[in-house]
Structure formats: structure tokens, C-alpha cells
Amino acid sequence: MDEKPIIEVANLTKRFSGRAAINNITFTVARGEVVGLLGPNGAGKTTTMRILSCYLMANSGIARIAGYDVFSQPYEVKRRIGYMPENNPLHKDMRVREYLKFRARIKGLGWRESRKRVDLMIEQCGLSEVSQRIIGQLSKGYQQRVGLADALVHNPELIILDEPTIGLDPNQIRSVRHLIKDLSEKHTILLSTHNLTEVEMTCNRILILAEGKILAADTPDNLQKKISGERQIIAEIMAPISQLKEYLEFNNLVESFDVIPTDGGYMRCMITSKNSADLRQIIYEKAAASGWKLRELTRKRYTLEDIFVKITKKEKEEE
Amino acid sequence: MRTCLILLRRELGSYFVSWTGYIVISVVLFLIGLGFVGLIESLNVEPITSSVVELFFESYNFWLILVLVVPLITMRIFARDKSSGTIETLITTPITDVQIVAAKFFGALAFYAIMWLPLLLCIFVVQYYMPADIKMDYGKILSAYLGVILIGVLFIAAGCFASVLSKNQISAAIIGLAFAVFLFTLGYLSYSAPFQNGVISEILSYMNLIEHIRDFARGVIDTRPVVFYISSAALFLNFTLRTIQNHQWR
């Protein structure tokens, strides 16, 4: 396989009536990656994707797909991407098979080939039961699958999905995610979302975008590590509150702590350690030695949500 | 070219999967029928020197169809895609903007041509009841049909432009209607007093659609109106294309 990155974006800027929707962003996506564009509403996710799919022109900067320039060689670019826009617009008056056939033909597939690809897509996207039904009468979950099938029908090198699971119920979200995971074995995928569990589940790299800038770009695990430099543990202990506080006060490994009484006489302690030491063993040993009852002892894991809030907040404070 | 034809077929087909196509055709059928009956009635009262074909194209029914119905055909061309968002999936397929405009324009034109077919049937009805020794002048009928198509080319191109200006089909229809009325009254102005003579009158008479159709119905194919229709249609289509491309720059 070609070692060149499939998406190259350099210093890309797009302004809408003076306001920068995306501001000087640079990133690359290698072949075979599944990259999630993550950001609050209005962060510039859709704009970035629209530029990459040749729907919008940028004010400055370079964008290349598989080595072809998005602005000067749109035909070559469009042949290589499968794009599903936000809210998944479809011709609602057509039948599923008819629509996919039309889309395959318009994307340049021959009569015989389009028939073969459409059959394959209908099977792959689980549309066999509804292939003869009118799209407008299908549930949103099925419509989303039709949109995905449309994006995939010409077997593109790169798939761009703008908010693929928006507005679906939890079951539908699960099935669409499964579908995306299956696709990721054969295609490079760029997807946008503001749902954090989604990127955690499907992507192997995340670009966090806010106010038109890329704030972080890394794997979910690395982001986790970067952010949670200070270690916090949570322990629920049944002990006299004064003893507990005294112990934590004078332990030189503890940076700060917080004790909150909870149900059943247990105390919930949030303990932050100095220089990232792991306090779990020490707490356990202390509890055992003092005869305290211990019912929970965990290290606090930052969810992507926390990471996201932190990164976007930090940016605001710096300004 | 092939993708263009596929898109054209889809555009034409879309008139027949929704109610619009059928309603438009029935309205046109009704108006044609009404005009036809009026014509026959008046022929029964007194002999008339001009031909049946000419008479029909001078009736207000014909112009009613052109001015009122064409905006109904063209309103959906772009406005529907824009409101449903399918314009985005269309533009991001490997197809050029020129192909998109061409396919949509010719799709609407094909529907327009189909819409006028019942008129030919009326002429065959006349033929059936005529004495066998009197022959219809088919040349005149053909040139009249050509004139109808040419006027359609201009009106549909204007409607195309109206449709690309708006996201809403109703406002697209209203803008289209404004264009159609404007084009129609432009020629009418040359009849009014202040423009009776001079350069303005001459220019206006070149744009007199009523005179053009009268010529076509007499079997006269003048190149001046042909050039006028095709060039002004090209102008409107060019505006349409620019508007689409402009959207990418916003």
C-alpha cells in the first residue's frame, strides 16, 4: 500500500463573513486510520469536512486527498471519497435499491458493476429487508444505513462521515457503530462527532477541535495519560471521621483530600497523591492494620469528557 | 455525458413520482381543452381567415399555461435539493457543475415537451372531423411546436435561475413567475403609446413573444427570435451556474 498520507491539510483557513470557522489548521491522516474529529458545536468540524469533500472552498491553505488537490482537482478527489453529510440528506421519494443504483451510476460505475456493488452494499449494511421500500418511510436508523451505503457504494479510499449517529436511539447508535467498526478494517475513515464514547469506541486517533483550531491530536490512551498527570484515588472506608482525617493530614504522600460521609456509615475519600505516587496499596494496608472496613478503592480514570472539558477550558483561560 | 443522462433521467422521473407532474399535466390538459372548445365554438359562429393553429396561439389560454405553469415546473429544480440538503450529496459526487445544470435544465425541458403533447392530439381531432379533401398544414404545426419549445427553453432557463436563488419552492415559484411575467410584458410594452417608435420600440419588438409565436404558427421560422431565445436562455443558465459555484465560496 501507498505510504503517503491519504489526507494532508496544511494551514487551512476558512472565513464566513469575516469570522474564521477554521483557523490555520494542519493535520494528516494515514491510510487505514480511523480518525475522529471531536469538538463542540460550531467548532469547525462540518466546515473542515465540507472543504475536504469539495463542497466548500477555503480562503487559504492546502488540502490534499490521496495526493490530489481538493481545489484544483476536485473530480479526482470526489471519485476517491465517500461523503455522508450532516443530517444525511436522501431522496426520500425513491426506493432504497433504486436510490443506491442511481447514486452508484452517477458516481461513474457501469451498469453491471453498479448492480454488483449495490447488492453487496445492501447486504453489508443490513438493508436486505427494506431494499424495495421507499426511503422516506424507513426509520432513522435504516435511513442512516442507506446514507452509509451511499457513501460506500463506489468503494472509495476514504470515507468522510459527518455526525453519523446523530438523532438515533441507543440501539440504532450501537448498530451504526458496529457497521463503522467493520468498515474500518478496509477503509480509512474520518468521522466527526460530539459524542465522546463514540470516538473512544471507534477511533484510533482523535483531533480535538474548538473554535476553529486543533487543540489536541493523539490516540485516546495518550490523551488520557497526558491529562491525568496528577493521580486521584477514591476510597470508601468505614472509620471514625476524626481518625481518618488525622491519618490523611499527616501522611506525607497525600497532597490534598476530601472526606464526605455517605450511606451506611462509610466515608468517601477523594485523595490526590504527591508526585503521582499510587496510594492504593498504602490505603489498603492502613485500613487492614487499623481494622477499618474498606468497600471501594479505585483510581480515578479520566473520561474523554473530562479531557475534553479540560482542554477546551484551558484554551479559554489562556485567551 | 453518461452521468449527465443518468441525472437527467432521474430529474425527469422525479416529476412523475410526486404529485407535481400529474397536477401540472392535468391543469395544462384542462386549459388546452378549454381553449380548444372556445376555438371550435367561435368557428361555428362565423368564418375566420386565419388558421386554427394561429388562433390557438393567440388565445390567452396558451399564455396562461406558459406564464403560470412553467414556474410550477421549474420551482423544484434546485430549491428542493437545497431545502432537503441533497444538493450537498450531488455536488460531492464526481460530476461537474455544468453537468448538473445541464441535466436539470434538460430534465425540465423534457417534461415541458411532454406536457404539450396533448395539443397535438387536439389537432388530430380537428383533422378527423374535417372534410377529406382539405389537408392540414403539418409544416405549420411543426414550426408552431418548435416555437413553443423555444419559448420553453427561455422560460425554463429563467425558472432554473429563479429556483437556484431560493431554498423554498414556493418563493422559487414566485420569483419564476415574476421572471415569466416580465418576459411576457416586455414584448407587450411595444404596443403601448410611449414606445411606439424609436430605438426602444425596435428593441422591444425583438423581444415580442406574441409576435414571435404568431410567426411560428404561420410557419415562418425567423432566425432572430431563435437566436434571441437561445442566447437569453444561455445567459440565464450561466447565471445559474455562477450562483452554484458562488455557493462554494460563500
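Residues numbered from 1 in each chain as written. Chains lettered and ligands numbered in written order. Predicted model: local features only at pLDDT ≥ 70, side-chain atom pairs only at ≥ 80, totals over all residues.

Q: Got a minute to help me understand the domain arrangement of chain A in this structure?
A: Per the domain assignment, the segments of chain A are domain 1 (7-93 + 153-226) and domain 2 (230-299). Computed from C-alpha atoms alone, the centre-to-centre distance between domain 1 of chain A and domain 2 of chain A is 44 Å. (Domains from an automatic or database assignment.)

Q: Which parts of the structure should I look at to understand the environment of Val118 of chain A?
A: Mapped onto the elements, Val118 of chain A comes out in helix α4 (residues 111-124). When the C-alpha positions of Val118 of chain A and Gly61 of chain A are compared, they lie 37 Å apart, and in sequence the two are 57 residues distant. (Helix = DSSP H or I, 4+ residues; strand = E, 2+ residues; numbered from the N terminus.)

Q: Can you walk me through the interface of chain B and chain A in this structure?
A: The accessible area lost on association of the parts is a frequent measure of interface size. Of the residues lining the interface, 19 residues belong to chain B; the matching set on chain A comes to 21 residues. Elements with a minimum of two residues in the side of chain B that touches chain A: α1 (2-17), α6 (86-91) and α13 (223-249) of chain B. With five residues, the top contributor of residues to the side of chain B that touches chain A is α1 of chain B. For the side of chain B that touches chain A, a count of residues per class yields seven nonpolar, nine polar and three charged. (Contact = placed C-beta atoms within 7 Å. Nonpolar A, V, L, I, M, F, W, Y, C, P; charged D, E, K, R; others polar.)

Q: How do you make sense of the sheet that holds strand β11 (residues 232-238) of chain A when you look at a structure like this?
A: By way of backbone hydrogen bonds, the strands of a sheet pair with one another, either parallel or antiparallel. All names here are of chain A. Spatial strand order, β12-β13-β11-β14: four strands in an open sheet with antiparallel pairing. Edge positions in the open sheet fall to β12 (254-261) and β14 (293-299), since each of these has one partner strand only. Ignoring which end each strand starts from, the neighbouring axes of this sheet average 15° apart. As defined by bridge partners, β11 adjoins β14 across six bridges and the pair is classed as antiparallel. Paired with Glu236 across the bridge in β14 is Glu296. Helix-sheet contacts for helix α9 (residues 241-250) involve β11, β12 and β13 (267-273), and the interaxial angle to β12 is about 165°. Each of β11 and β14 touches helix α10 (residues 280-290); the most contacted strand, β14, lies at about 175° to it. (Pairing = 2+ DSSP bridges. Axes fitted to C-alpha atoms, helices over the stretch in contact; angles between N-to-C directions.)

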